[in-house]
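# Structure assessment
Residues per chain, in single letters:
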Amino acid sequence: MKRSLKFSLKFANIEKQKSLGKLFIEYRKIVNLFLLELFSKNNLSENYLKSLDCQLSYRYKQCAKRQASKIFKSWCRNKKKGEKPIFDGSMILDERFIEVQKGKNSFDYWVKIATLDKGKPIIVPFRSYNYANDYFTKWKLDKGGRLVKNANSWFLILTFEKETLAKKETGKIIGIDIGVKKLIVDSNGKEYGKDIEKLMDKIQRKQQNSKAFKRALKERDYYINKTVKELPLKETKTIVMENIGDIKRNTKKEKRLRKEFRSKFQRWTYPKLMCRIRQLAEANGVHCLLISPAYTSQTCLKCGFVHKLNRNGEIFECRNCGYAADADWNASLNILNLGIAQQAMVAGSMKINNVDKCPLN
Ligand SMILES: [Zn+2]
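Note that the coordinates shown come from a computational prediction; the quantities given were computed from them, not determined experimentally. Residue indices begin from 1 for each chain and proceed along its sequence in written order. The predicted origin of the model limits local features to residues at a pLDDT of at least 70 and limits the giving and counting of side-chain atom pairs to 80 or more, whereas totals for whole chains, interfaces and linings rest on all residues.

### Considerations on the overall build of the protein
Put simply, the test is: Strands here mean DSSP runs of E at least two residues long; helices mean DSSP runs of H or I at least four residues long; both are numbered from the N terminus. With C-beta atoms placed from the backbone, a residue counts as buried when 20 or more other C-beta atoms lie within 10 Å of its own, as exposed when 12 or fewer do, and as partly exposed for counts between those limits. Note that contacts rest on C-beta atoms placed from the backbone: two residues are in contact if these are within 7 Å.
Looking only at helices and strands, the protein features 9 helices and 16 strands. When each of the 361 residues of the protein is scored for burial, the buried share is 28%. In the protein, the share of contacts with a sequence separation of at least 24, taken over all contacts with a separation of at least 6, comes to 60%.

Shown next as structure tokens:
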């Protein structure tokens, strides 16, 4: 498995930043030229590469060619009418251009970056941070890296690798629901992240893009990471959750969450939470089972009756049989049941018998 982490290059002095800026402009120009060539001829010939007069060295041109081919391929897969392929703003450089070294003084690491001036690479110190330290010590750092510029600041993106754990053969199955008042409720009725609303309110009160605002965002991210770690992944074999991480913008759940978050939490990072859960599951050898999010919060767990009015904020009360429960818990149990049904279907078609049993049935 792989993880990419971002590091600030804010310690680069003005000269070095200028140097990076020049490199970026030239590199972008060449990648875009390559993309134009690929767009019109579907091919980048060696002759074209050699004849192209520019400030990039031949090796850098090869690197730009590789990236242009990548961008072109992905553009071909998701073609949109009237759009041409363009450089995406991040320079993907291999180990000939980017080299990371451990620092000896107060700076944690150094990165050596080849620039337009041949034989004169720049060296920029950068700091690791709490979350990244584990990756530096326990994971293998991939060679090379990516350089991106965000709002006038340069960042280095490094990729770390570790062998993926084999998925577990035994363990429990749980369903989880993601909510507004509590970040997560699992099918055992356990609630996680009850302070999320407070943190979101705090973000809301700050002036956007102020230092305090950014600090509050960081606090929220830290809280999300911390909360996800509380999930009982050690004893779990399969975790069932709704498939909202994908860009299925029109599902009912998505709409409901959006509506609730829009009023109160503008900066909701729902995809971030999903991503953290999936990453942690992967790291623990836990299967992630995604189910369709339709009606999980409106369905009665007892009688199966589906109605919009079954759910009233945090309370679920069935209009048919009167069953009442915490709305998120009810949803997480529905999610679990859908996951178990999905597994049974797959197992049925594959004639396998070791399907998980719902703990409540
Ligand atoms: Zn009912």
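### Details of the nonpolar core
Which entries qualify depends on this criterion: Under the definition applied here, buried Ala, Val, Leu, Ile, Met, Phe, Trp, Tyr and Cys residues are grouped into a nonpolar core through C-beta atoms within 7 Å.
The biggest cluster of nonpolar side chains holds 38 residues, and the ones touching the most others in it are I176, I239, V240, I335 and L336. The set of elements that each furnish at least two residues to this core consists of β9 (172–178), β10 (184–186), α5 (196–205), α6 (211–229), β12 (236–242), α8 (270–283), β13 (287–291) and α9 (327–350). A per-element tally of this core places α9 first, with 8 residues. Leaving out residues up to four positions away in the same chain, V240 has contacts with I173, G175, L289, I291, I335, L336 and G339. Membership of the second largest hydrophobic core comes to 31 residues, among which are A12, V111, A114 and L156.

### Describing the confidence of the model for the protein
Regions with low pLDDT carry predicted coordinates that are not meant to be interpreted in detail. Stated precisely, the cut-off is as follows: Within a predicted model, pLDDT stands for the predictor's per-residue confidence, ranging from 0 to 100.
Chain-level statistics for the protein give a pLDDT mean of 87 and a share of 89% at 70 or above. Every residue in residues 246–250 is under pLDDT 50, and counting partners more than four places away or in other chains gives 2 contacts. Confidence drops under pLDDT 50 across residues 262–267; counting only partners more than four residues distant or on other chains, this segment forms 7 contacts.

### Here we look at the sheet that holds strand β5 (residues 122–126)
Whether parallel or antiparallel, the strands of a sheet pair through hydrogen bonds between backbone atoms. In plain terms, the rule: At least two DSSP bridges between two strands are needed for those strands to be called paired. As a rule, the C-alpha atoms of each element are fitted with a line to give its axis, helices using only the stretch in contact, and angles between N-to-C directions run from 0 to 180 degrees.
Strand order in the open sheet formed by 3 strands is β3-β4-β5, with antiparallel pairing between adjacent strands. Sheet topology places β3 (98–102) and β5 at the edges, where each strand pairs with a single neighbour. Averaged over all pairs of adjacent strands, the angle between their axes in this sheet comes to 25°, without regard to strand direction. Note: strand β4 (residues 109–113) against β5, 5 bridges, orientation antiparallel. Looking across to β5, one finds that K112 is bridged to I123.

### Here we look at the sheet that holds β10
Strand order in the open sheet formed by 5 strands is β11-β10-β9-β12-β13, and the pairing between neighbours is mixed. Of all the strands in the sheet, the pair left with one neighbour each is β11 (191–192) and β13. The sheet contact formed by β12 and β13 spans 5 bridges and is parallel. Looking at the pairing, I239 lines up with C288 of β13.

### Considerations on the pairing of β3
Pairing geometry for β3 and β4, over 5 bridges, is antiparallel. Each residue of the ladder has a partner; that of V100, found in β4, is V111. In this antiparallel pair of consecutive strands, β3 and β4, the connection spans 6 residues.

### Looking at unusual backbone geometry
Both trends apply: most residues other than glycine have a negative phi, and most peptide bonds are in trans. Phi is positive for A151, close to 45°, though the residue is something other than glycine. Mapped onto the fold, A151 is located in the loop between β7 (145–150) and β8 (153–161). Using a count of 5 C-beta atoms within 10 Å as the deciding quantity, one classes A151 as exposed. Even without glycine at this site, N209 takes up a positive phi of about 70°. Mapping N209 onto the fold places it in the loop between α5 and α6.

### Quick notes on helix α1 (residues 14–41)
Using the following cut-off: The span one expects for a helix is its residue count, reduced by one, times 1.5 Å.
Relative to the 40 Å expected for 28 residues at 1.5 Å per residue, α1 spans 40 Å between its end C-alpha atoms, a close match to the ideal helical length. Buried positions along α1 lie against α3 (58–77), β2 (90–93), β5 and β8.

### Some words on the packing of α6 against α8
Heads up, the condition is: In these notes the angle categories are as follows: under 35 degrees is roughly parallel, over 145 is roughly antiparallel, 65 to 115 is roughly perpendicular, and the rest is oblique. A clockwise turn of the near helix away from the far one marks a right-handed crossing, whereas an anticlockwise turn of less than a right angle marks a left-handed crossing. Only Asp, Glu, Lys and Arg are considered charged, only Ala, Val, Leu, Ile, Met, Phe, Trp, Tyr, Cys and Pro nonpolar, and every remaining residue, Gly among them, polar.
Contact geometry for α6 and α8: axes closest at 10 Å, N-to-C directions at 40°. In terms of orientation, α6 and α8 fall into the oblique class. In this structure, α6 crosses over α8, and the sense of that crossing is right-handed. Taken together, the residues of α8 that come into contact with α6 (itself represented by I224, N225, V228 and K229) are K272, L273, R276, I277 and L280. Classifying every residue of the contact of α6 with α8 by side-chain character gives 5 nonpolar, 1 polar and 3 charged.

### What to know about the packing of α5 against α6
For the pair α5 and α6, interaxial distance at closest approach is 9 Å and the crossing angle is 165°. Of the possible angle classes, the one that applies to α5 and α6 is roughly antiparallel. In this structure, the crossing between α5 and α6 has a hand that is left-handed. Residues I196, L199, K202 and I203 of α5 form the contact with α6, whose own contacting residues are F213, A216, L217, E219, R220 and Y223. Taken together, the residues that form the contact of α5 with α6 break down as 7 nonpolar, no polar and 3 charged.

### Some points on the environment of G322
Tracing the backbone shows G322 in the loop between β15 (315–317) and β16 (324–326). Owing to 10 C-beta atoms within 10 Å, G322 belongs among the exposed residues under this scheme. Residues G322 and C303, 19 residues apart in the sequence, show an inter-C-alpha distance of 9.6 Å.

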